[in-house]
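Overview (structure and organization)
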Amino acid sequence: AMQRYATSHGDPGTSGAVSSWSTSPGPTTKSRLAPVSGDRRDSTGGSTSTGVGLSSRYVGSPTGSNVGALSPSGPSRTPKGVLASRRPMVALNQSSRNTSPQVLDRRPLGDTSPSGDPLSRMAALLQAQDDGSAQQLRDNQTLASALQSAVAELQGLRSQLQEIPPPPVKHRPGLPPFYWVPSQDYIKEFDVQGGYGEFVTKKGDFEDEGWVIPVSGSMKMVLGGIYRYSIKIVRKSMNRPQLQFGIHGPAHQKPWRLITTSRCSTSRDDEPWHDRPQGDRSVDAGSIIHVQIDCTCRRIPFATLEYALDDGPYEIVFQDIPVPPASYLIPVVSMGGDGSCVQVMPI
């Protein structure tokens, strides 16, 4: 579709210059400027408009012919889609403005009393604030007195509780570090008793006189740890009082490290017994033997075994106990006479 637009400088109904362009594909592509009364041309032949406003009007015919001049007295029509000119803003009459200051009346409707003036309202507002502050102060004083009473009551209760003697503390005895476990071959030779399996008693004399058989504890001593336990010689057999303590390997295999209670002599594996360097010493019934096995192997590449009798000092008796990384050691006692009894002491 062919459209033409023109821009006119000036208000509707006033004179002005009109410019038009044709976008139709016809032979006439651009129309010349048409002179209109009130125009004045510059030195280049163009027209200069003396209008004030800006408007857009539809001019020309849809046939692509030259655009004719608009008559100043002709009616102004604005086609659909084209903005109409805005009316010029009318200046306010300065004389019509009320330049005197105005005070807003915030009194309620129907209130014409003099107390509605700003000073009176300000005084009433201040008085209300003073009343609220006084009420808050009274409330705070009441709360403070209540807190003081509560604190005094708590202090009285605390003094009463301090006068009551505390109940006696019942110290729970420690548990033994292990319990006794007879081997499958000698399960009928021993009797394990106690709430934690801490007592072991030899039942009957062993069939081979001059021999003792072992019973082990449940504790497994591995490489890197330090292990301590105490055993008490509850009683010795009247007929065969021989009794030994020390360590074995897994399933009572080697290494064997044993100390006898008759003379405190020592034995390694299948070697003969060796006397105590400080002289013979007997461990009687009722004595407590404290044993410590150091498997850290920090000073030497072997575990060490030392023991102390009752409150005496520790004696190192073995410093060559091998402890393979995948193996462990077990505590043992060996008995052969009927009625011999050993107890693992709680820690």
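Residue numbers restart at each chain and count upward from 1, following the sequence in its written direction. Whole-chain, interface and lining totals are the exception, using all residues; otherwise, since this is a predicted model, local features are given only for residues with pLDDT of at least 70 and side-chain atom pairs are given and counted only at 80 or more. Remark: hydrogens and water are excluded; side-chain values derive from all non-hydrogen atoms of the structure.

Let's talk about the overall build of the protein
Looking only at helices and strands, the protein features 1 helix and 18 strands. The 347 residues of the protein split such that 30% are buried. Any two residues whose heavy atoms approach within 4.5 Å at even a single point are treated as in contact. Pairs at least 24 residues apart make up 60% of the contacts formed inside the protein by residues separated by at least 6 positions. Secondary structure elements are taken from DSSP: a helix is a run of H or I of four residues or more, a strand is a run of E of two residues or more, and numbering for both begins at the N terminus. Residue exposure (1.4 Å probe, protein chains only): buried if accessible area is under 20% of the type maximum, exposed if over 50%, otherwise partly exposed.

Examining unusual backbone geometry
Along the chain, Lys254 connects to Pro255 via a cis peptide bond; the corresponding omega equals 15 degrees. Examined against the element boundaries, Pro255 turns out to sit in the loop between strand S11 (243-248) and strand S12 (257-260). With a phi close to 55 degrees, Asp310 is a non-glycine residue in the positive phi region. Structurally, Asp310 is set in the loop between strand S15 (303-309) and strand S16 (315-321). Taking relative accessible area as the criterion, Asp310 reaches 34% and is therefore assigned partly exposed.

Points about the sheet that holds strand S14 (residues 288-294)
Any two strands between which DSSP finds at least two bridges are classified as paired. The strand order across the open sheet formed by 7 strands is S7-S8-S18-S10-S14-S15-S16, and the pairing between neighbours is antiparallel. If you trace the sheet from one side to the other, it starts and ends with strand S7 (190-193) and S16, each paired once. Between one strand axis and the next, the sheet turns by 20 degrees as a mean value, whatever way the strands run. Lines fitted to the C-alpha atoms define the axes, with helices restricted to the stretch that makes contact. Angles between their N-to-C directions range from 0 to 180 degrees.

Structural notes on the side chain of Thr261
Inspection of the secondary structure assignment puts Thr261 in the loop between S12 and strand S13 (266-268). For Thr261, a relative accessible area of 1% corresponds to the buried category. Among the polar contacts listed, one links the side chain of Thr261 to the side chain of Lys236, at a separation of 3.5 Å. Side-chain polar atoms of Thr261 contact the backbone oxygen of Leu243, separated by 2.9 Å. Excluding anything up to four places from it in sequence, Thr261 contacts Lys236, Leu243, Phe245, Arg281, Ser282 and Val283. Under the rule applied, a polar contact is a pair of N or O atoms within 3.5 Å (in protein, one hydrogen donor and one hydrogen acceptor; residues adjacent in sequence only if both atoms are side-chain atoms).

Some words on the pattern of salt bridges
Take a side-chain nitrogen of Lys or Arg and a carboxyl oxygen of Asp or Glu: if they are within 4 Å of each other, that pair is a salt bridge. This model, assessed by the stated rule, comprises 9 salt bridges. Taking the shortest distance from any N to any O, the salt bridge between Glu189 and Lys202 comes out at 2.7 Å. Taken together, the residues Glu189 in the loop between strand S6 (180-181) and S7 and Lys202 in strand S8 (residues 199-202) connect sequence positions 13 residues apart. Among the ionic contacts, a cluster of salt bridges with common partners joins Arg257, Arg268, Asp269 and Asp320.

What about the nonpolar core?
Membership of the largest hydrophobic core comes to 36 residues, with the highest contact counts inside it found for Trp180, Ile289, Ile293, Leu305 and Val342. Those residues in contact with Leu305, other than ones at most four positions away along the chain, are Ile247, Ile259, Val291, Gln292, Ile293, Glu315, Ile316, Val317, Phe318 and Ile321. What is meant by a nonpolar core is a set of buried Ala, Val, Leu, Ile, Met, Phe, Trp, Tyr and Cys residues, joined one to another through side-chain atoms within 4.5 Å.

Regarding the sheet that holds S13
Strand order across the open sheet formed by 6 strands is S6-S9-S17-S11-S12-S13, with antiparallel pairing between neighbours. The two strands at the open ends of the sheet, each matched to only one other strand, are S6 and S13. As paired elements, S11 and strand S17 (residues 330-335) share 6 bridges and run antiparallel to each other. Its bridge partner being in S17, Phe245 is matched across the sheet by Val333.

Quick word on the environment of Pro177
Looking at where Pro177 falls in the secondary structure, it is placed in the loop between helix H1 (118-163) and S6. What makes Pro177 partly exposed here is its relative accessible area of 26%. Separated by 21 residues in sequence, Pro177 and Glu198 have C-alpha atoms that sit 9.1 Å apart.

Section: the side chain of Ser327
Here Ser327 is to be found in the loop between S16 and S17. Ser327 has contacts with Val222 and Pro250, leaving out every residue within four places of it along the chain.

Some points on the environment of Ser265
Tracing the backbone shows Ser265 in the loop between S12 and S13. On the basis of relative accessible area, Ser265 is assigned to the buried category, the value being 2%. Residues Ser265 and Gln244, spaced 21 residues apart in sequence, show a C-alpha to C-alpha distance of 9.8 Å. With sequence-adjacent residues up to four places away left out, Ser265 is seen in contact with Leu258, Ile259, Thr260, Trp273, His274, Asp275 and Arg276.

Some points on the pairing of S17
Among the 6 residues that make up S17, 6 are buried, leaving the element largely enclosed by the rest of the structure. Burial along S17 is two-sided: Ile330, Val332 and Ser334 and Pro331, Val333 and Met335, pointing in opposite directions, are all buried. Of the pairings in the sheet, the one linking strand S9 (residues 213-217) to S17 comprises 4 bridges and is antiparallel in character. Bridge pairing in S17 places Val215 opposite Val333.

What to know about the packing of aromatic side chains
Centres within 6.5 Å are what make two rings of Phe, Tyr or Trp a pair, Trp counting through its six-membered ring; a difference in plane orientation under 30 degrees is then read as stacked, over 60 as edge-to-face, and the rest as tilted. Summed over the entire model, instances satisfying the criterion amount to 4 aromatic pairs. Measuring from centroid to centroid gives 5.3 Å for Phe178 and Trp180, while their planes differ by 90 degrees, and the two rings are edge-to-face. By relative accessible area, Phe178 is classed as buried at 3%. On the accessibility criterion, Trp180 (4% relative accessible area) is buried. When the ring of Phe178 is compared with that of Tyr229, the centres are 5.3 Å apart and the planes differ by 80 degrees; the resulting orientation is edge-to-face. Of this pair, Phe178 sits in the loop between H1 and S6 while Tyr229 sits in strand S10 (residues 226-235), and the two are 51 residues apart along the sequence. The buried category is assigned to Tyr229, whose relative accessible area is 6%. An aromatic cluster is defined as three or more aromatic residues linked by ring pairs; in this entry it consists of Phe178, Trp180 and Tyr229. Sitting over the ring of Tyr328, Lys220 keeps its end group 4.9 Å from the ring centre. It is Lys254 that lies over the ring of Trp256; its NZ or CZ is 5.7 Å from the centre. For a lysine, the NZ atom is tested; for an arginine, the CZ atom; a charge sits over a ring if that atom is within 6 Å of the ring centre and within 35 degrees of the ring normal.

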